[in-house]
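# Commentary on secondary and tertiary structure
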Amino acid sequence: MLAMRFADEAVIVTNPEVSSVRDSSDRIIGMLDSKTVKAERGERVEKHVLITRYDSARASRGEMLSIDDILKFSRRPLLGIIPESQEVPACVERWESPVTLNNAASAPARAYLTRCVV
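Not measured: the values here are computed from a predicted model. (Residues numbered from 1 in each chain as written. Predicted model: local features only at pLDDT ≥ 70, side-chain atom pairs only at ≥ 80, totals over all residues. Heavy atoms only, no water.)

Time to look at the overall build of the protein chain. Each helix and strand counted, the protein chain has 8 helices and 3 strands in total. If you list the helices and strands of the protein chain from N to C, you get α-β-α-α-β-α-α-β-α-α-α. When each of the 118 residues of the protein chain is scored for burial, the buried share is 36%. Sequence-distant contacts in the protein chain: of pairs separated by 6 or more residues, those separated by 24 or more amount to 63%. With the model as given, the accessible surface of the protein chain reaches about 7,500 Å², and the carbon-plus-sulfur share is 53%. (Helix = DSSP H or I, 4+ residues; strand = E, 2+ residues; numbered from the N terminus. Buried < 20%, exposed > 50% of the residue type's maximum accessible area, 1.4 Å probe, protein only. Contact = heavy atoms within 4.5 Å. Areas by Shrake-Rupley, 256 points an atom, 1.4 Å probe, with all protein chains shown as cover.)

A complete count under the given rule lists 0 aromatic pairs for this structure. If you follow Arg-5 out to its NZ or CZ, it ends over the ring of Phe-6, 5.9 Å from the centre. (Phe/Tyr/Trp six-rings, centres within 6.5 Å; stacked < 30°, edge-to-face > 60°. Lys NZ or Arg CZ within 6 Å of the ring centre and 35° of its normal.)

Right, let's get into the pattern of salt bridges. Taken as a whole and assessed by the stated rule, the structure comprises 8 salt bridges. Of the charged contacts, one joins Asp-33 and Lys-47 as a salt bridge, the two residues approaching to 2.9 Å between their closest N and O atoms. Placement of Asp-33 in the loop between α2 (18–32) and α3 (37–40) and of Lys-47 in strand β2 (residues 46–54) is noted, with a sequence separation of 14 residues between them. Arg-41 serves as the salt-bridge partner of Glu-43, at 3.4 Å between the closest nitrogen and oxygen. Accessibility expressed as a relative area gives 37% for Glu-43, which makes it partly exposed. For Arg-41, a relative accessible area of 53% puts it in the exposed group. The structure contains a network of salt bridges with shared partners spanning Asp-33, Arg-44 and Lys-47. (Salt bridge = Lys/Arg side-chain N within 4 Å of Asp/Glu carboxyl O.)

Now for α2. Turn by turn, an α-helix covers 3.6 residues, leaving residues three or four places apart pointing in a common direction. Between its terminal C-alpha atoms α2 stretches 20 Å, which fits the 21 Å expected from 15 residues at 1.5 Å a residue. For α2, the full list of buried residues reads Ser-20, Val-21, Ser-24, Ser-25, Ile-29 and Leu-32. Summarising the contacts, the buried residues of α2 are in contact with α1 (2–5), β1 (9–14), α3, β2 and α5 (67–74). (Expected span 1.5 Å × (residues − 1).)

Spatially, the 3 strands line up as an open sheet ordered β1-β2-β3, and their pairing is parallel. Each end of this open sheet is capped by a strand with a single partner; those strands are β1 and β3 (78–83). Direction aside, the axes of adjacent strands within the sheet are offset by 20 degrees on average. As defined by bridge partners, β2 adjoins β3 across 4 bridges and the pair is classed as parallel. (Pairing = 2+ DSSP bridges. Axes fitted to C-alpha atoms, helices over the stretch in contact; angles between N-to-C directions.)

By themselves these figures say nothing about function.
Next up, the structure:
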């Protein structure tokens, strides 16, 4: 709450799952619109959506939300998309450096390092 209190802009990070999108849209955006200094002054915090763990093949099979569905629900501009990869949980499980340092050639590392454009 303290970090968001003085925000001018916010990155809303979500996974392509209904519960994640709902929480980020309802709870986080609600807090940004009510618990920030800008909100108290009647101003708005700029908000952008960052989608993580996205797999276009799974989305096309209906196993996860599509980018369009996420953006319709959140009603915020897209900042970027980080693709799903087994490299990320593997780094966490092995207590290794973040994927951007551990394997800069991986799809998620490239997305982070190139400002999330995939």
